[in-house]
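One-letter residues, chain by chain:
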Amino acid sequence: MKTIIGCIEEVMMEAFKASGYEEKFGKVTVSNRPDLCEYQCNGAMAAAKTYHKAPIMIANDVVEKLQDESIFESAQAVNPGFINLKVDRNYLALYLNEMTQDEMLSVEKADSPKTIVIDYGGPNVAKPLHVGHLRSAIIGESIKRMGRFLGHKVIGDVHLGDWGLQMGLIITELSKRQPDLVYFDEDYQGEYPEEAPFTVSELEEIYPTASKKSKEDEDYKNEALEATLELQKGRRGYRALWDQIMKVSVADLKKNYKKLSVDFDLWKGESDADPYIPGLVDYLKEKGYAYMDQGALVVDVKEESDTKEIPPCMILKSDGASLYTTTDLATIVQREGDFHPDEIIYVVDKRQELHFVQVFRCAKKTHLVPEDTELSFVGFGTMNGKDGKPFKTREGGVMRLERLISEINEEMYKKIVENRSVKGDDAHKTAQMVGLSAIKYGDLSNQASKDYVFDVDRFTSFEGNTGPYILYTIVRIKSILNRYKEEGGDIQSGQILGAANDSEKALMMALSKLNSVIQPAFQEKAPHKICSYIYELANAFNSFYHETKILGEENEDQKTSWIQVLILTRKVLETCIGLLGFEAPDRM
Ligand code: ARG
C-alpha cells in the first residue's frame, strides 16, 4: 500500500500544479507542531523565491484548491506561508480498513529482492560468550528479520572465531595437562575417541589460563604458535582435537543463542575460509595487486580523498602467516562463490571499523566482488554499566551472557510473581519472554553506533520506553479482546469507523504510519526506528484506552470498530516486536 504521507503528497503536488506552480513544491513532512496539525507542507516558502511572490499568497492559492479534497479534515495556510494539514477521519478509517485486509499490514515488499549475507554474532570458540557479543547478535538478528519481512533473501552467518592462535593455545595447555591423550601421539593411526576430553566449563577455563601463560612465558607462546601452525597444516591429532573443541563449544553457543531467540542459517567460521587463502594470495600476486613490503605481502588501499592515513591491507606476515584481514578477504571469496550476494552486512564492534575499511577497499579494488556489490559495516558502540565503563558483574569481572540473562530473568520473575497474574511454571516462561524483551529492546532502542548504559532497573520497568512496557500494552489488548470474546463478541469481522475522539484519531494516525517506518528502518539498518515507532504507538494506544470505555460501549457498530482498531494495534505491535526479535506472552 502507498504510504499515507505519499498519498497526501500526491494531492499537494496536484494542487500546486493546478495553481500554476511547479509540483515539486508539494513535498510534505510529518508536522513538527502536532498541536496544530498532523502533516505540513512548506513548499510555498521555497516557491516564493522562484515566483517572486509572498509565500502566504502561494499557500492561499494552493489551499483554495484543496477545499474539496476528501483526504483532509482541514488544510490551512498560515503565516508566513506554511500549509497545515489534518487528515480526514473517514479517509483514515478507509486506509486502516485496507491495512487490516493486507497480510503485510500495508508494508510493501522490495521490488527487486536482494540476496544478502549478514555476518553477525562472531563469537570465539572456547571463549565464553560475553556481553560484547550480545549487541552483534541482537542487532544482526533484527536486521535479518527486517530484510526477510521485506522479501529479501537473507542468509545469517555466525562467522565463528574458530581458527588462529586461540586454538593453538588450547591445544598447548591441554598437552601440558593431559600429555597422555592420544591426540598428542604423532604415531597414532587409529580412530580418535568419541568423547571429548573436557567439558565446556573446563574449556572456558583453559583458554584464559593459556592466554595468560603465553603472555608471561615466551617458550609457551612459541609452542602455541607452533601448535597453531601444525593444526592449520592439518596434523591429524590436532585436527581431531579441534573437532572436539568445536563440538563442545558450538553446542554451548547454540544453547545460548537459542535463549536469545537468535538463529543462524550458517555456522561457518574462520576455518572455513582457510582453504581459500592460497588461491587468494596467488591471485593477488599474479594480478599485481599485492607487493612485498619489509617481508610482508600487502595491498595498498589508501585513496586520494582520505583525510586520515589508511594503512595498507596486510595479506601475509613476513613469516608467511595469514591475518584477520586475510581471513575476511577469503571469506568474501567464499561467499561470492556460494551466494553471489548483492550485499554483505557486517555487524561488528565499531572499534573494528578500520579493519573493515581496509577489507572492503581491498575486496573492491582487487575485484573479489563485482563493482556493485554492497559491503556494509554496521559498527556498534559499547554496552556500558551505570559507571560508564564496559558492563561488568557486580564483582567487577567479565559479565558472561548466560549470567546476564539469568539475572534479568530472576528480576522479571520477582515482578511477575508480585503481580500475581501468572503462576508456577508459566511464571518462569513469562519471565523469560519479558526478560528477553527487556534486554533486546534496551539495546535496540539506542542507535546502534552509540555506546549505551545497560540499566537493569530501567530496562525491566513496565513503564517508560522499555520492552516490558510494549509487551504490557500487547497483553492489555489481548485481555480486552478475550473479555470481548467471552461476552460473545465477534472478532472476525467489523469495519473501522472514523475516529470518535482525539485520542482515537492519534492512535489511528500512528497505525497508519507503519509502512513509512519499516522500509527506511531496514534501509538504514536502524532497528531503533522501529522501537521509537512502537513506543509512540503504545503511548497512543494507552491514552486511547484510558479515555475510552471500550467494552461498555452501547453502540454496537462503534464497539466493533474499536475492537478492530485494537486487533490492528495488536498485529502491528506484534509484527514490530517480531522484527526486533522477541514475542509477547498472553499474560504478565
Ligand atoms: N570474532 C570476532 C571478534 O570477536 C568478530 C568477527 C566479526 N566478523 C568478521 N567477519 N570479522 O572480535
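Refer to the structure printed above.
Residues numbered from 1 in each chain as written. Predicted model: local features only at pLDDT ≥ 70, side-chain atom pairs only at ≥ 80, totals over all residues. Heavy atoms only, no water.

### A closer look at empty space enclosed by the protein
Point 1. Using the criterion set out here, one finds two cavities of 30 Å³ or more in the structure.
Point 2. Looking at side-chain class alone, the lining of the largest cavity contains five nonpolar, one polar and three charged residues.
Point 3. Each pocket or cavity is described by its volume, and for the second largest cavity that value is around 40 Å³.
Point 4. Taken together, Pro128, Leu129, Glu204, Asp252, Asn256, Arg400, Leu401 and Glu402 make up the full set of residues lining the second largest cavity.
Point 5. At the level of secondary structure, the elements contributing two or more residues to the lining of the second largest cavity comprise helix H9 (236-259) and helix H14 (401-419).
Point 6. The residue makeup of the lining of the second largest cavity, split by class, is three nonpolar, one polar and four charged. (1 Å grid on protein atoms, 1.4 Å probe; cavity = no way out; pocket = protein on both sides within 12 Å on 5 of 7 lines; lining within 4 Å. Points joined across faces, edges and corners; volume = space filled by probe spheres on them. Nonpolar A, V, L, I, M, F, W, Y, C, P; charged D, E, K, R; others polar. Helix = DSSP H or I, 4+ residues; strand = E, 2+ residues; numbered from the N terminus.)

### Remarks on the pairing of strand E8 (residues 296-299)
Point 1. The alternating pattern of E8 places Ala296 and Val298 on one face and Leu297 and Val299 on the opposite face, and all of these are buried.
Point 2. By the bridge criterion, four bridges tie strand E7 (residues 290-293) to E8 in an arrangement that is antiparallel. Following the sheet pairing, Asp293 is matched in E8 by Ala296.
Point 3. The turn linking E7 back onto E8 is made up of two residues, and Gln294 within it adopts a positive phi angle of 45 degrees.
Point 4. Relative to strand E9 (residues 313-316), E8 runs antiparallel, the two sharing three bridges. By the bridge assignment, Val298 is partnered in E9 with Met314. (Buried < 20%, exposed > 50% of the residue type's maximum accessible area, 1.4 Å probe, protein only. Pairing = 2+ DSSP bridges.)

### Some details on the sheet that holds strand E4 (residues 82-87)
Point 1. A sheet is described by the order of its strands in space; here four strands give the open sequence E1-E2-E4-E3, paired in antiparallel fashion. Looking along the sheet, the strands with just one partner apiece sit at the ends: strand E1 (29-30) and strand E3 (72-78).
Point 2. Judged from the two bridges that link them, E1 and strand E2 (residues 39-41) form a sheet pairing that is antiparallel. Opposite Thr29, over in E2, you have Gln40 as the bridge partner.
Point 3. Docked against the sheet, helix H3 (residues 55-65) engages E3 and E4, running at close to 160 degrees with respect to E3. (Contact = heavy atoms within 4.5 Å. Axes fitted to C-alpha atoms, helices over the stretch in contact; angles between N-to-C directions.)

### Considerations on the environment of Asn97
Point 1. Mapped onto the elements, Asn97 comes out in helix H4 (residues 89-101).
Point 2. According to the relative accessible area criterion, Asn97 is buried, its value standing at 12%.
Point 3. For Asn97 and Gly494, which are 397 residues apart along the polypeptide, the C-alpha to C-alpha distance reads 9.2 Å.

### So, the side chain of Asn84
Point 1. Among the secondary structure elements, Asn84 is positioned in strand E4.
Point 2. The contact partners of Asn84, leaving out residues within four places of it in the chain, are Leu36, Cys37, Tyr39, Gln40, Ser74, Ala75, Gln76 and Val78.

### So, the environment of Ala110
Point 1. Structurally, Ala110 can be placed in the loop between H4 and strand E5 (115-119).
Point 2. Taking the relative accessible area as the measure of exposure, Ala110 reaches 16% and is therefore buried.
Point 3. Along the primary structure Ala110 and Leu181 are separated by 71 residues, whereas in three dimensions their C-alpha atoms are 56 Å apart.

### Brief notes about the site of the ligand
Point 1. In the region of the ligand, the neighbouring residues are Asp119, Gly122, Asn124, His133, His159, Tyr324, Asp328, Tyr346, Val348, Gln352 and Phe356.
Point 2. One of the side-chain nitrogen or oxygen atoms of His133 is found 3.3 Å away from an oxygen atom of the ligand.
Point 3. For the ligand, a nitrogen atom lies 2.7 Å from a polar atom in the side chain of Asp328.
Point 4. Isolated, the ligand exposes 350 Å² of accessible area, and the fraction of that covered by the protein chains is 86%.
Point 5. Elements supplying a minimum of two residues to the shell around the ligand: helix H12 (324-339) and strand E10 (343-349).
Point 6. Residue composition of the shell around the ligand, by class: four nonpolar, five polar and two charged. (Near = heavy atom within 4 Å. Polar contact = N/O pair within 3.5 Å; in protein donor to acceptor, adjacent residues only side chain to side chain. Areas by Shrake-Rupley, 256 points an atom, 1.4 Å probe, with all protein chains shown as cover.)

### Looking at the pairing of strand E11 (residues 374-380)
Point 1. A large share of E11 lies buried, amounting to five of its seven residues.
Point 2. In this sheet, E11 lies alongside E10 in parallel orientation, the contact comprising seven bridges. Its bridge partner lying in E11, Ile344 is registered against Leu375.
Point 3. With helix H13 (residues 353-365) bridging E10 and its parallel neighbour E11, the resulting β-α-β unit is right-handed. (Right-handed = clockwise from strand over helix to strand, strands pointing away.)

### Regarding the nonpolar core
Point 1. One finds Met12 and Val572 to be the most contacted residues of the largest nonpolar core, which totals 161 residues.
Point 2. Looking at this core element by element, the count peaks at twelve residues for helix H21 (residues 556-580).
Point 3. When near neighbours in sequence (up to four residues on either side) are disregarded, Met12 contacts Gly26, Val28, Cys41, Val62, Leu66, Phe72, Ile83 and Leu85.
Point 4. Counting 30 residues, the second-largest nonpolar core is a separate cluster that includes Leu284, Ile315, Val348 and Cys362. (Core = buried A, V, L, I, M, F, W, Y, C linked by side-chain atoms within 4.5 Å.)

### Some details on the sheet that holds E10
Point 1. Taken in spatial order, the four strands make up an open sheet running E6-E5-E10-E11, and their pairing is parallel. The outermost strands of the open sheet, each flanked by one partner alone, are strand E6 (153-157) and E11. If you compare each strand with its neighbour and ignore which way they point, the axes differ by 20 degrees on average.

### A closer look at unusual backbone geometry
Point 1. The peptide bond linking Asn79 to Pro80 adopts the cis configuration, its omega dihedral lying at -5 degrees.
Point 2. Looking at the secondary structure, you find Pro80 in the loop between E3 and E4.
Point 3. Phi at His340 takes a positive value of approximately 45 degrees, unusual for a residue other than glycine.
Point 4. The exposure class of His340 is partly exposed, given its relative accessible area of 48%.
Point 5. Unlike most non-glycine residues, Lys525 shows phi in positive territory, near 50 degrees.

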